Amino acid sequence: MNPDAIEDAIAEAERRLAISDRDVLASTEHFVTSVRAVCRDWRLTAERWLDGGAGTPTLAVTREDGTAGVLKIAEPGRLDTAARVMGAADGHGYARVLAWDANRGALLTERLGHALWAEATTPAQRAELTLPLLQDAWRVSLECGSPFAGTASGLLAILADLGPRYGHQHPDVLAQATRYARELAASERPEVVCHGDPHAGNVLRSGQGWALIDPDGFVGERAYDLGVVLRDACGEIVAAEESESGSGVTLVREECRRLAELADADPQRVWRWAFVERVTTALYLRWHGYGDESATFLETAVILAR
């Protein structure tokens, strides 16, 4: 056990505040003023903060009975949907919820193992393992998710706001992402409760299988989640392109077709969601102060836009 784990987490929250262009002062202050009380009241022993995520740190904790858990604290309201969706799933596709305090925005879930990145080294392998989890997660009732509001419209707003600030060196990429987002917005449908961010870092080892964590939990379409699954294949795209010009595009196109067929989705919509998400993720990362990661997403978007 680390007696300074909470202090370390607070220091990390303040570091993230310092590097972010986004105004995260309120969420940081809420975390700092709440984390000790939540751990005390729930009789949790904090071990360490966990890497990953752009918000306040997540804590690895242990309950009084020895159960290992993960504690997230956000401003009240921010985690309501995630708690509701994961609770409704009851361990099918998602990690299990152990405790939830809506008034303090505190969510305790079971602690799982390593991320999918550690075992699945190709986009095809990651997609093959993630798709069954999504198909389980999509069975959650639409009433559990945030009401359908059109995901593409939100991404269009990000492109309009952050694009000129952080993507001005790649106007063609921004133009293509905007065009795709407008096409998606015109025909988006409420099909399932989407996870919203099912990249390999949000898929963790659970016994002999895997489970999803950290859902956004909005009502949208299956093709959106599939696009996010393929969004993060930056290293593979660059490697393929270095081997043979055009191979990076072929890699992503083939995976779009394969995933769409397995999930009964439109491969062109999967491609468009994946591209828009790649560009908006680059802008979002830069907004939070992660410049190197942002550049990688933009560089691969340039490859795919050719």
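For every chain, the first residue of the written sequence is number 1, and numbering continues from 1 along that sequence. pLDDT decides what is reported in this predicted model: residues at 70 or higher carry local features, side-chain atom pairs at 80 or more are listed and counted, and totals for whole chains, interfaces and linings draw on all residues regardless. Only hydrogens and water are set aside when side-chain values are computed; all heavy atoms of the structure are taken into account.

Below, the discussion takes up the sheet that holds strand β3 (residues 68-73). Strands qualify as paired when DSSP identifies two bridges or more between them. Counting from the N terminus, the helices are the DSSP runs of H or I reaching at least four residues and the strands are the DSSP runs of E reaching at least two. Here five strands make up an open sheet; going across it, the order is β1-β2-β3-β5-β4 and the pairing antiparallel. The sheet terminates laterally at β1 (45-50) and β4 (97-101), the two strands that pair on one side only. Averaged over all pairs of adjacent strands, the angle between strand axes in this sheet comes to 25°, irrespective of strand direction. Sheet topology places β4 next to strand β5 (residues 106-110); four bridges connect them, and they run antiparallel. In the sheet register, Val97 faces β5, and the bridge partner there is Thr109. What makes two residues a contact is simply this: any of their non-hydrogen atoms within 4.5 Å. Helix axes are fitted only over the stretch in contact, all axes being lines through C-alpha atoms; the angle between N-to-C directions runs from 0 to 180 degrees. Packed on one face of the sheet, helix α2 (residues 25-41) meets β2 (58-62), β3 and β5 and runs near 145° to β3. Contacts between helix α3 (residues 80-89) and the sheet are confined to β4 and β5, with β4 contributing the most and set at about 145° to the helix.

A few words on the side chain of Ser20. Within the secondary structure, Ser20 sits in the loop between α1 (5-19) and α2. Assessed through its relative accessible area of 12%, Ser20 is described here as buried. Setting aside residues up to four positions removed in sequence, Ser20 forms contacts with Trp287, His288 and Gly289. Partly exposed residues are those whose accessible area sits between 20% and 50% of the maximum for their type, while under 20% is buried and over 50% is exposed, using a 1.4 Å probe and protein chains only.

Here we come to the packing of aromatic side chains. Any pair of Phe, Tyr and Trp rings, taking the six-membered ring for Trp, is counted once the centres come within 6.5 Å. Such a pair is stacked with planes under 30 degrees apart, edge-to-face with planes over 60 apart, and tilted for the rest. Per the stated rule, a full pass over the model turns up four aromatic pairs. Geometrically, the ring pair formed by Phe218 and Tyr224 is edge-to-face, given 5.5 Å between the ring centres and 65° between the ring planes. Considered together, Phe218 and Tyr224 belong to a single accessibility category, that of buried residues. Residues Tyr284 and Trp287 carry aromatic rings whose centres are separated by 5.9 Å and whose planes lie at 70° to one another, so their mutual orientation is edge-to-face. Note that Tyr284 and Trp287 are positioned in helix α10 (residues 267-287) at a spacing of three residues, about one turn of the helix. Ring pairing ties together the aromatic residues Phe218, Tyr224 and Trp273, which thus form one cluster.

Let's shift gears to unusual backbone geometry. Positive phi, close to 55°, is recorded for Arg43, a residue that is not glycine. By the element assignment, Arg43 lies in the loop between α2 and β1. Given a relative accessible area of 56%, Arg43 falls into the exposed group. The phi torsion at Asp264 lies on the positive side, around 55°, for a residue other than glycine. With a relative accessible area of 62%, Asp264 lands in the exposed category.

In the sheet, β2 pairs with β3 via four bridges, with the strands oriented antiparallel. Looking at the pairing, Ala60 lines up with Val70 of β3. Connecting β2 to the next strand, β3, in antiparallel fashion are five residues, including Gly66 with a positive phi near 95°. Of the strand pairs in this sheet, β3 and β5 are connected by five bridges, and their pairing is antiparallel. From the neighbouring strand, Leu71 faces β5, where its bridge partner is Leu108.

This part covers the state of the cysteines. What we call a disulfide is simply a covalent bond connecting the sulfur atoms of a pair of cysteines. The disulfide definition used here is simple: a pair of cysteine sulfur atoms within 2.5 Å. Evaluation of the coordinates by the stated rule reveals zero disulfides. Take Cys194: it sits in no disulfide, and the sulfur closest to it among the cysteines is that of Cys144, at 14 Å. Of the cysteine sulfurs around Cys234, a residue in no disulfide, the closest is that of Cys256, at 14 Å. On the basis of relative accessible area, Cys234 is assigned to the buried category, the value being 6%.

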